[in-house]
Amino acid sequence: MRSLDSVKANLYEVSQEQRYRGVRLVASAAKDVEDCALLLAVLGLDPADGLER
């Protein structure tokens, strides 16, 4: 049986697909490159996550 702590930790795991979509969404909504970089940093995303695989 999994502990409550391990279940909570898994709630914050983000799949590569979710990261890819998140970066693409942020990039499409950002005003400019500085805005995009700031938003990605705040969300803990890496711009490289949005590149085609």
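Placed above this text is the structure.
Residues numbered from 1 in each chain as written. Predicted model: local features only at pLDDT ≥ 70, side-chain atom pairs only at ≥ 80, totals over all residues. Heavy atoms only, no water.

Topic: the nonpolar core
It is characteristic of soluble globular proteins that their nonpolar side chains tend to be buried jointly.
Turning to step 1, where the next piece is worked out: One finds V23, V26, A30, C36, L40 and L45 forming the largest nonpolar core, which totals six residues.
Turning to step 2, where the next piece is worked out: Taken together, the elements giving at least two residues each to this core come down to helix 2 (16-29) and helix 3 (33-43).
Turning to step 3, where the next piece is worked out: Every residue in contact with V23, bar those within four places of it in the chain, is listed here: L40, L45, D46, P47, D49 and G50. (Core = buried A, V, L, I, M, F, W, Y, C linked by side-chain atoms within 4.5 Å. Buried < 20%, exposed > 50% of the residue type's maximum accessible area, 1.4 Å probe, protein only. Helix = DSSP H or I, 4+ residues; strand = E, 2+ residues; numbered from the N terminus. Contact = heavy atoms within 4.5 Å.)

Notes on helix 3
Turning to step 1, where the next piece is worked out: Considered for burial, the residues of helix 3 that qualify are D35, C36 and L40. Viewed along the axis of helix 3, the buried residues span an arc of 130°, placing them on a single side of the element. Of the exposed residues in helix 3, the ones pointing more than 90 degrees away from its buried face are E34, L38, A41 and V42.
Turning to step 2, where the next piece is worked out: Taken together, the buried residues of helix 3 touch helix 2.
Turning to step 3, where the next piece is worked out: Capping the start of helix 3, D32 holds a side-chain oxygen 3.2 Å from the backbone nitrogen of E34, two or three residues further along.
Turning to step 4, where the next piece is worked out: Count one or two residues on from helix 3 and you reach G44, which has phi positive near 75°. (Arc of directions from axis to C-beta. Polar contact = N/O pair within 3.5 Å; in protein donor to acceptor, adjacent residues only side chain to side chain.)

It is worth stressing that arrangement in space is one thing and function is another; only the former is reported here.
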